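Residue-level structure breakdown
Next come the chains, spelled out residue by residue.
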Amino acid sequence: MPNFTNSERIAFNEDLDRYMAKEVESEKRYDWIEDRKNELLAAEYNPFLPENVQEAIAEMVTHQAIMLGSYIQSAENLPNNNSAQVNASEYIRKVIKDYWEDLAQKVAEDDYDRRDAL
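My aim in this report is to walk through the structure given alongside it, one point at a time. All residue numbers refer to positions counted from 1 along the written sequence of the respective chain. Selection of residues for local features in this predicted model requires a pLDDT of at least 70, selection of side-chain atom pairs for listing and counting requires 80 or more, and totals for whole chains, interfaces and linings are taken over all residues. By convention in this description, side-chain values take in all heavy atoms of the structure and omit both hydrogens and water.

1. A closer look at the overall build of the protein chain
The cut-off we apply is this: A run of DSSP states H or I qualifies as a helix once it reaches four residues; a run of E qualifies as a strand once it reaches two. Both are numbered from the N-terminal end. Computation of the radius of gyration draws on C-alpha atoms, with the globule rule given as 2.2 Å multiplied by the number of residues to the power 0.38. Burial classification: accessible surface area is computed with a 1.4 Å probe over protein chains only, and a residue below 20% of its type maximum counts as buried, one above 50% as exposed, and the rest as partly exposed. Contact criterion: two residues are considered in contact whenever any of their non-hydrogen atoms come within 4.5 Å of each other. Reported accessibility uses the Shrake-Rupley method at a 1.4 Å probe radius. Residues are deemed covered only where the shown protein chains occlude them. For the charge count, each Lys or Arg is scored as positive and each Asp or Glu as negative, with His and the chain ends excluded. For this purpose, a charge sits on NZ of Lys, CZ of Arg, CG of Asp or CD of Glu.
Secondary structure summary: the protein chain contains 4 helices and 0 strands in total. Order of helices (α) and strands (β) in the protein chain, N terminus to C terminus: α-α-α-α. Relative to the globule expectation of 13 Å for 118 residues, the C-alpha radius of gyration of the protein chain, 24 Å, shows a markedly less compact shape. In terms of principal-axis extent, the alpha carbons of the protein chain reach across some 80 × 35 × 20 Å. A total of 118 residues make up the protein chain; the buried ones form 19% of that total. In the protein chain, the proportion of contacts linking residues at least 24 apart, taken out of those at least 6 apart, comes to 70%. Surface summary for the protein chain: the accessible area is close to 8800 Å², and the carbon and sulfur share equals 52%. Each charge class in the protein chain can be summarised by its mean position, and for the 13 positive and 25 negative side chains these summaries are 3 Å apart.

What follows is the structure, given as structure tokens:
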């Protein structure tokens, strides 16, 4: 460690304390948001409730819809090939799960920021 003057040492320690406080706050924010996201996914944002499945499929973006179409076409063209059907169902499951996880993450972040602003 370089030789600091007393004032440099004080300034360094103050900077370090500010940095560490921001790190601690960042970790608290991350933990709170992760807990809230898990609460949402276990309740009203459960990806596999029937109405939530319908919403996620309805909200698919273009590239997801194209991919889903290709998976379904492969499953249709290869009716005796179970792997094509499994791939299609796995893709649908992933799209639905990702949609609700992303939505829960955004809501949890908004909840934290709103709670923090009060």
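After that view, the rundown keeps rolling.
2. Describing the packing of helix α3 (residues 62-77) against helix α4 (residues 82-117)
Our working rule: Angles shown run from 0 to 180 degrees and are taken between the N-to-C directions of axes, each axis being a line fitted to C-alpha atoms and, for helices, limited to the stretch in contact. Angles below 35 degrees are treated as roughly parallel, those above 145 as roughly antiparallel, those between 65 and 115 as roughly perpendicular, and all remaining angles as oblique. In a left-handed crossing the near helix is turned counterclockwise from the far helix by less than a right angle, and in a right-handed crossing that turn is clockwise. Classification used: nonpolar for Ala, Val, Leu, Ile, Met, Phe, Trp, Tyr, Cys and Pro, charged for Asp, Glu, Lys and Arg, polar for all others including Gly.
Interaxial distance between α3 and α4 falls to 8 Å at its minimum, and their mutual angle equals 160°. When the interaxial angle is binned, α3 and α4 end up roughly antiparallel. Relative to α4, α3 is oriented so that their crossing is left-handed. Residues H63, Q64, M67, L68, Y71, S74 and A75 of α3 form the contact with α4, whose participating residues are A84, Q85, N87, A88, Y91, I92 and V95. Of the residues belonging to the contact of α3 with α4, the class tally is 9 nonpolar, 5 polar and no charged.

By themselves these figures say nothing about function.
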